[in-house]
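Understanding the architecture of this molecule
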Amino acid sequence: MADKTVSKHLSNLERQFAANDPVLQKTAKIFQDLDEIEFELGLIDNDETTARKTSWWPIVSTLGGYSPAKSDFVNRYLGVQLHTARHKFTVLQYTPQTNTATLPGTALDADHRLPFYQISRQIDLVANGEGSKLNGYLELVTVNSGKLKNKLLIDTPVLNPAAENPVSGLLRKYVIGISDLVLVFNDLFEADADLIKDTLAEIVAHQDANKFIFVIDHSEITIDALKSQEIAASWQRRLAELGIHTGQFIVLSQSGDTSLFDQRFNNINNDRSYRILGTLENSIRAIDDTIFPEVEEALTTWKDRCNASTLIVLGFVVMLMLFAEIAVGILELLIDPLIGPAILAVLIGVLTPLHIIVSRVHAKFLIKQLHKRQKQLNLSEDLAGLFEKSLSFWRILMPITDPVGKTKKNRKKLNGLIEQSKDLVQALNDQFSHSQQPEYRSQYDAYSYADSEEN
């Protein structure tokens with residue numbers, strides 16, 4: 001089999017992080033090793049990469065109710081006056097140009113470097129046909145603001161009972177999942193309970209990820225530090241009743257102090273690194289935990305159906321032989337030392353290709369089911385590709401239901417990749433601990449602490 005070529009996307013990522021982020025550069029190389037395994041298993045094509053499962057941009061997003069608090073804060077913080085569509089999910093990206101440009105949602109769906117890549121497929125799963133109406137849900141806006149350099153901000157639409165539908169719910173859930181930092185404005189919790197039910201469930205589900213800042217907007221008045229603490233404590237108690245027990249609380253006042261936001265924004269690159277490493281480990285584990293079991297179940301079903309069909313045909317043949325024995329008597333021919341083996345050889349010669357044909361027919365039905373199952377599980381890997389790769393001649397004839405590639409050798413490779421990803425998490429942790437630098441240097445010489453020490 002031909003070796004997999006390195007994805008252009010991965011090559012660009014390695015070059016991008018080579019100079020300033022050796023941990024992510026190493027992460028890209030582990031993704032490349034994972035790609036080679038998945039390519040060998042038929043799960044991805046030669047030009048694809050598992051690194052596209054998550055955005056490599058640091059991402060900040062906003063959630064809010066129907067008041068203008070969210071949009072007013074975004075304009076003040078970025079130092080611009082944006083007039084984005086309040087009913088769309090708007091991705092804000094830095095541009096050195098002074099003029100703001102608005103691009104359609106299809107620009108996000110088609111660009112693997114940006115969030116919402118191929119999101120139209122997921123949209124069609126919850127609302128068939130809506131994926132073609134992507135421009136009604138998404139937009140990309142370029143903004144000349146230094147606050148956005150090397151990061152993206154996703155401004156979610158206001159919660160409007162008349163505009164909420166399964167697609168907006170899916171997109172809001174997706175945004176919370178991929179974000180490194182989510183600014184949740186307090187007017188969100190003033191909306192109708194049924195309207196925010198799904199969003200609240202997502203916040204509760206992700207609360208331990210340390211990605212939420214709850215913004216309490218009192219920007220119209222001046223509030224001292226003691227009063228701010230009281231307001232934050234009051235909201236903390238209120239959200240605890242909703243099941244939210246973690247997260248940072250910031251009270252906006254007329255003073256316009258954004259230092260706390262700046263601190264979190266400045267740390268977002270590290271949050272992004274941990275998120276990507278988490279995606280890497282989950283992708284590796286998914287092969288053993290999800291992909292192999294799904295394909296093995298399909299192979300077992302396929303084998304059962306094929307055997308049942310062959311047994312039906314064989315039963316029909318036996319029945320014909322019984323009728324022939326009753327009518328003309330052929331038992332003597334079957335036990336004849338010359339004619340008997342010849343009849344058996346003919347029978348095997350007929351049943352074997354028939355079994356193969358039946359197997360191919362049943363396989364087509366199961367391939368369609370696997371395509372549907374892949375979409376339901378939101379997997380980028382081609383389950384049907386691994387299934388088809390497991391339909392070799394001898395696998396059709398022999399009672400084998402394990403997918404091809406489910407071997408000790410591959411399991412050892414996957415475990416090795418998991419250990420490498422954990423080492424990178426440790427390396428990322430060590431960047432915040434001077435006491436660990438000697439050990440870090442010995443294990444990751446390529447990361448070179450010499451430059452940082454000279455500075």
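Look a little higher up for the structure.
The text that follows walks through the structure, step by step, so that each part is easy to find. (Residues numbered from 1 in each chain as written. Predicted model: local features only at pLDDT ≥ 70, side-chain atom pairs only at ≥ 80, totals over all residues. Heavy atoms only, no water.)

**Thoughts on the packing of aromatic side chains**
Taken as a whole and assessed by the stated rule, the structure comprises 13 aromatic pairs. Between phenylalanine 73 and tyrosine 77, the aromatic rings sit 5.6 Å apart at their centres with planes inclined by 20°, giving stacked as the arrangement. Remark: tyrosine 77 and phenylalanine 73 occur in helix α3 (residues 69-78); sequence separation between them is four residues, near one turn of the helix. An identical accessibility class is assigned to phenylalanine 73 and tyrosine 77; each is buried. With a centroid separation of 5.2 Å and 40° between ring planes, the pair formed by phenylalanine 116 and tyrosine 174 is classed as tilted. Here phenylalanine 116, found in the loop between α4 (106-110) and α5 (119-126), pairs with tyrosine 174, found in helix α6 (residues 166-178); they are 58 residues apart in sequence, far enough to count as distant. Aromatic ring contacts, followed pair by pair, group Phe73, Tyr77, Phe185, Phe261 and Phe265 into a single cluster. Here the guanidinium or amino end of arginine 86 rests over the ring plane of tyrosine 66, the centre of that ring lying 5.5 Å away. The lysine or arginine in question, lysine 147, covers the ring of tyrosine 77, its NZ or CZ lying 4.4 Å from the ring centre. (Phe/Tyr/Trp six-rings, centres within 6.5 Å; stacked < 30°, edge-to-face > 60°. Helix = DSSP H or I, 4+ residues; strand = E, 2+ residues; numbered from the N terminus. Buried < 20%, exposed > 50% of the residue type's maximum accessible area, 1.4 Å probe, protein only. Lys NZ or Arg CZ within 6 Å of the ring centre and 35° of its normal.)

**Topic: helix α7 (residues 193-206)**
Counted at 1.5 Å a residue, the expected span for α7 with its 14 residues is 20 Å, and the 19 Å between its end C-alpha atoms agrees. On its buried face, α7 is in contact with β1 (59-63), α6, β6 (181-185) and β7 (212-217). The N-cap of α7, judged by a side-chain oxygen 3.0 Å from the amide nitrogen of aspartate 194 a few residues on, is aspartate 192. (Expected span 1.5 Å × (residues − 1). Contact = heavy atoms within 4.5 Å. Polar contact = N/O pair within 3.5 Å; in protein donor to acceptor, adjacent residues only side chain to side chain.)

**Details of the packing of α6 against α7**
Interaxial distance between α6 and α7 falls to 10 Å at its minimum, and their mutual angle equals 20°. The angle between α6 and α7 places the two elements in the roughly parallel class. In terms of crossing hand, the pair formed by α6 and α7 is right-handed. Residue-level inspection shows Arg172, Lys173, Ile176 and Gly177 of α6 in contact with α7, the latter providing Thr199, Glu202 and His206. Grouping the constituent residues of the contact of α6 with α7 by class yields one nonpolar, three polar and three charged. (Axes fitted to C-alpha atoms, helices over the stretch in contact; angles between N-to-C directions. Parallel < 35°, antiparallel > 145°, perpendicular 65-115°, else oblique. Left-handed = near helix turned anticlockwise from the far one by under 90°. Nonpolar A, V, L, I, M, F, W, Y, C, P; charged D, E, K, R; others polar.)

**Side note on the pattern of salt bridges**
The final tally for this structure, using the stated rule, is 13 salt bridges. In this structure, glutamate 190 and arginine 238 form a salt bridge, with 3.3 Å as the shortest nitrogen-oxygen distance. Taken together, the residues glutamate 190 in the loop between β6 and α7 and arginine 238 in helix α8 (residues 225-240) connect sequence positions 48 residues apart. One salt bridge in this structure joins lysine 227 and glutamate 230, with 4.0 Å as the shortest N-O distance. Placement of both lysine 227 and glutamate 230 in helix α8 is noted, with a separation of three residues, approximately one turn of the helix. Look at glutamate 230 and you get partly exposed, because its relative accessible area is 44%. (Salt bridge = Lys/Arg side-chain N within 4 Å of Asp/Glu carboxyl O.)

**Focus on the packing of helix α2 (residues 22-40) against helix α15 (residues 408-430)**
What describes two packed helices is the angle between their axes and the distance between those same axes. Where α2 meets α15, the axes come as close as 10 Å, and the angle between the chain directions of the two elements is 165°. Considering the angle they form, α2 stands roughly antiparallel to α15. When you trace α2 past α15, the crossing you get is left-handed. Residue-level inspection shows Val23, Lys26, Thr27, Ile30, Asp33, Leu34, Ile37 and Glu40 of α2 in contact with α15, the latter providing Lys413, Leu414, Leu417, Gln420, Ser421, Leu424, Ala427 and Leu428. Residue composition of the contact of α2 with α15, by class: nine nonpolar, three polar and four charged.

**Points about the pairing of strand β5 (residues 152-155)**
The side-chain alternation of β5 yields two buried faces, one formed by Leu152 and Ile154 and the other by Leu153 and Asp155. Where β1 meets β5, four bridges bridge the pair, whose relative direction is parallel. Bridge pairing links valine 60 to leucine 153 in β5. Sheet topology places strand β2 (residues 89-94) next to β5; four bridges connect them, and they run antiparallel. Paired with valine 91 across the two strands is isoleucine 154, which belongs to β5. (Pairing = 2+ DSSP bridges.)

**Considerations on the side chain of serine 283**
For serine 283, the location among the structural elements is in helix α10 (residues 268-327). For serine 283, a relative accessible area of 3% gives the class buried. With residues near it in sequence (within four places) discarded, serine 283 still touches Leu34, Glu38 and Lys53.

**Observations regarding the sheet that holds β2**
On the basis of which strands lie adjacent, the open sheet formed by eight strands has the order β3-β4-β2-β5-β1-β6-β7-β8 and mixed pairing. Looking at which strands have only one partner, the edges of the open sheet turn out to be β3 (101-104) and β8 (248-252). Averaged over all adjacent pairs, the angle separating strand axes in this sheet is 20°, with direction ignored. Those strands touched by α3 are β1, β2, β5, β6, β7 and β8, and its axis lies near 130° from that of β6. The strands touched by α7 within the sheet are β1, β6 and β7, with β7 carrying the most contacts at an inclination of about 130°.

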